[in-house]
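Structure assessment
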Amino acid sequence: MDGRCFLCGVEEGLTREHVPPKGLFPSPRPSDLITVPACEPCNNQFSKDDEYFRLAMAAFIDRSPAGDRIWNEKVERSTVPSKRIAPEIEDILKYSQVIRSSESSGEESVAMMALDPDILHRVVEKIVRGLLYRYRPNLDNSELDFDVTLIEQFRLHETIPVLEKMARVDVGDSVFRFWRAFASHDERHGIWILLFYDACMWSVTHTPTARR
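Please read all numbers here as calculations on a predicted model, not as lab measurements.

Bringing the overall build of the protein into the picture now. Of regular secondary structure, the protein possesses 6 helices and 9 strands. Out of the 212 residues belonging to the protein, those deemed buried represent 43%. Put simply, of all contacts in the protein between residues at least 6 apart along the chain, 60% involve residues at least 24 apart. For the protein, the exposed area adds up to about 11,500 Å²; of that, 47% sits on carbon and sulfur atoms.

Taken together, the 5 bridges between strand β6 (residues 167–171) and strand β7 (residues 176–182) define a ladder with antiparallel strand orientation. Following the sheet pairing, Arg168 is matched in β7 by Trp179. Hairpin connection between β6 and β7: a loop of 4 residues separates the two successive antiparallel strands, and Gly172 in this loop has a positive phi of roughly 80°.

Taken together, 5 strands build an open sheet; the order of strands is β5-β9-β8-β7-β6 and the sheet is antiparallel. Only two strands of the sheet have a single neighbouring strand rather than two, namely β5 (144–151) and β6. Within this sheet the neighbouring strands show an average axis-to-axis angle of 20°, counted without direction.

Turning next to the environment of Lys165. Following the sequence through the fold, Lys165 ends up in the loop between α6 (156–159) and β6. Residue Lys165 is classed as exposed on the basis of its relative accessible area, which comes to 85%. As for Lys165 and Trp179, which are separated by 14 residues in sequence, their C-alpha atoms are 9.2 Å apart.

What follows is about the packing of aromatic side chains. Within this structure, the stated rule accounts for 6 aromatic pairs. Between the aromatic rings of Phe53 and Phe196, the centroid separation amounts to 5.1 Å while the plane-to-plane angle is 80°, which identifies the pairing as edge-to-face. One end of the pair, Phe53, is in helix α2 (residues 47–58); the other, Phe196, is in strand β8 (residues 190–196), and 143 residues separate them in sequence. Each member of the pair Phe53 and Phe196 is classed as buried. Ring centres of Phe182 and Trp192 lie 5.7 Å apart, and the angle between their planes is 85°; this geometry places the pair in the edge-to-face category. Residue Phe182 is found in strand β7, and its partner Trp192 is found in strand β8; the two are separated by 10 residues along the sequence. For Phe182, a relative accessible area of 18% corresponds to the buried category. Judged by its relative accessible area of 0%, Trp192 is buried. An aromatic cluster of at least three residues, connected via ring pairs, comprises Phe53, Tyr135, Phe176, Phe178, Phe182, Trp192 and Phe196. Above the ring of Tyr135, the side-chain terminus of Arg180 is found at 4.3 Å from the ring centroid.

In a regular helix each residue adds 1.5 Å, so 19 residues correspond to 27 Å; helix α5 (residues 117–135) covers 26 Å between its end C-alpha atoms and thus fits that length. For α5, the complete set of buried residues consists of Ile119, Leu120, Val123, Val124, Lys126, Ile127, Val128, Arg129, Gly130, Leu131, Leu132 and Tyr133. In this structure Asp116 caps α5, since a side-chain oxygen of it lies 2.9 Å from the backbone nitrogen of Asp118.

Here the focus is the packing of α2 against helix α3 (residues 65–82). Think of two packed helices as two axes; the pair is described by the angle between the axes and how far apart they sit. Axis separation between α2 and α3 bottoms out at 9 Å; the angle between their running directions is 130°. On the basis of the axis angle, α2 is oblique to α3. Viewed along their axes, α2 and α3 form a crossing whose handedness is left-handed. Facing Glu51, Arg54, Leu55 and Ala58 of α2, the residues of α3 in contact are Gly67, Ile70, Trp71, Lys74, Val75 and Thr79.

Reading guide: rules and limits
- Residues numbered from 1 in each chain as written.
- Predicted model: local features only at pLDDT ≥ 70, side-chain atom pairs only at ≥ 80, totals over all residues.
- Heavy atoms only, no water.
- Helix = DSSP H or I, 4+ residues; strand = E, 2+ residues; numbered from the N terminus.
- Buried < 20%, exposed > 50% of the residue type's maximum accessible area, 1.4 Å probe, protein only.
- Contact = heavy atoms within 4.5 Å.
- Areas by Shrake-Rupley, 256 points an atom, 1.4 Å probe, with all protein chains shown as cover.
- Pairing = 2+ DSSP bridges.
- Axes fitted to C-alpha atoms, helices over the stretch in contact; angles between N-to-C directions.
- Phe/Tyr/Trp six-rings, centres within 6.5 Å; stacked < 30°, edge-to-face > 60°.
- Lys NZ or Arg CZ within 6 Å of the ring centre and 35° of its normal.
- Expected span 1.5 Å × (residues − 1).
- Polar contact = N/O pair within 3.5 Å; in protein donor to acceptor, adjacent residues only side chain to side chain.
- Parallel < 35°, antiparallel > 145°, perpendicular 65-115°, else oblique.
- Left-handed = near helix turned anticlockwise from the far one by under 90°.

Right, here's the structure in full:
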């Protein structure tokens, strides 16, 4: 396979990595999944993180029907019984109650999950590195710094209209969509907005790594 690993840059022993992980998509999976070259060590080291990420994204309330299917068919029937990520599951399934304010319906009780931000940030950054390899192959993403931020779920309706001027790509039926924009003077400066199951949105910015 031609190319280089999108994470470490090696050019031998390459496989295909799906961006985002193909496990996020219910069957039958769409034919337009995005793939990039990856060496086997880099591909394999994220297997548990990817499974945790799928569980976390599908656990968000107000998820799309695709998110419902992943929760019912993959998380409840496979991930939880297998205990492959047992310690992480114990944390993510601890729910606490918070109050969401709504002008139309008053206050209502909703569930908030205890998520591990380190795992989620690793996977989101990996996804953006893969998208950069696909859409900006001339940029060396190993020389970029990434800042990952979770956008508060109940502000999605305010955020999405702002994205209309950014390039948008949809992959799958309400599974994954993303927007991207780059600085005109230097594409090493960019912003990506990722949305999973119409419920969980991330903002990722990248800038050149500071020289010492």
